[in-house]
Amino acid sequence: MWPQIVFLSLMAIGFGISLALYGERRRGTYNFGYVFVVPVFTLWLLYEGGFFAAIGLAP
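Undergrad: What's the story with the overall build of the protein chain in this structure? I'm lost.
TA: Looking only at helices and strands, the protein chain features two helices and zero strands. For 59 residues, the compact-globule formula gives about 10 Å, and the C-alpha radius of gyration of the protein chain, at 14 Å, lies well above that figure. Buried residues in the protein chain amount to 7% of all 59 residues. Nonlocal contacts in the protein chain, meaning residues at least 24 apart in sequence, comprise 52% of its contacts between residues at least 6 apart. Accessible area for the protein chain stands at about 4600 Å²; split by element, carbon and sulfur atoms hold 70% of it.

Undergrad: Help me understand the environment of glutamate 48, please; the structure alone is not making it clear to me.
TA: Structurally, glutamate 48 is set in helix H2 (residues 32–49). For glutamate 48, a relative accessible area of 44% corresponds to the partly exposed category. Distance in space between the C-alpha atoms of glutamate 48 and asparagine 31 is 27 Å, their sequence separation being 17 residues.

Undergrad: How should the packing of aromatic side chains be read in this particular structure?
TA: Aromatic ring pairs are described here by two measures, namely the spacing of the ring centres and the angle between the planes. Tallied over the entire structure, the rule returns four aromatic pairs. Three or more aromatic residues link up through ring pairs in this structure, and these residues are Phe7, Phe51 and Phe52.

Undergrad: I would appreciate a short explanation of H2 in the present structure.
TA: One turn of the α-helix equals 3.6 residues, which is why residues spaced by three or four share an orientation. Compared with an ideal rise of 1.5 Å per residue, which puts 18 residues at 26 Å, H2 spans 26 Å between its outermost C-alpha atoms and is within 8% of the ideal. Following H2 by one or two positions, glycine 50 adopts a phi angle in the positive range, close to 90°.

Undergrad: Sorry, what's going on with the packing of helix H1 (residues 2–20) against H2 here?
TA: Between two packed helices, the angle of one axis relative to the other and the distance separating the axes together describe the packing. Close contact between H1 and H2 brings their axes to 9 Å; oriented N to C, the two are set at 170°. Viewed along their axes, H1 and H2 adopt a mutual orientation that is roughly antiparallel. Regarding H1 and H2, the two cross each other, and that crossing is left-handed. Here H1 contributes Phe7, Leu8, Met11, Phe15, Ser18 and Leu19 to the contact with H2, which in turn contributes Phe32, Val35, Phe36, Pro39, Thr42, Leu43 and Leu46. Broken down by class, the residue content of the contact of H1 with H2 amounts to 11 nonpolar, two polar and no charged.

Undergrad: Just checking my understanding: could you explain the environment of leucine 46 for this structure?
TA: Mapping leucine 46 onto the fold places it in helix H2. Those residues in contact with leucine 46 that sit more than four places away from it in its chain are Phe7, Phe51 and Phe52.

Here is what the cut-offs are and how they apply
Residues numbered from 1 in each chain as written. Predicted model: local features only at pLDDT ≥ 70, side-chain atom pairs only at ≥ 80, totals over all residues. Heavy atoms only, no water. Helix = DSSP H or I, 4+ residues; strand = E, 2+ residues; numbered from the N terminus. Rg over C-alpha atoms; globule rule 2.2 N^0.38 Å. Buried < 20%, exposed > 50% of the residue type's maximum accessible area, 1.4 Å probe, protein only. Contact = heavy atoms within 4.5 Å. Areas by Shrake-Rupley, 256 points an atom, 1.4 Å probe, with all protein chains shown as cover. Phe/Tyr/Trp six-rings, centres within 6.5 Å; stacked < 30°, edge-to-face > 60°. Expected span 1.5 Å × (residues − 1). Axes fitted to C-alpha atoms, helices over the stretch in contact; angles between N-to-C directions. Parallel < 35°, antiparallel > 145°, perpendicular 65-115°, else oblique. Left-handed = near helix turned anticlockwise from the far one by under 90°. Nonpolar A, V, L, I, M, F, W, Y, C, P; charged D, E, K, R; others polar.

Okay, structure coming up:
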């Protein structure tokens with residue numbers, strides 16, 4: 001169960017950083033919409049693959 005907690009925590013931290021930096025300059029600009037799509041897709045794939053079954057979230 002600890003891998004699921006660590007994974008979700010790291011995703012939440014990355015999500016928060018992206019939200020805080022939204023619109024700031026880097027090579028281009030930070031785009032919250034783009035940063036939101038990748039984690040949602042990743043979570044969906046992990047859910048469908050059974051990664052979260054250990055914490056009671058199985059498809």
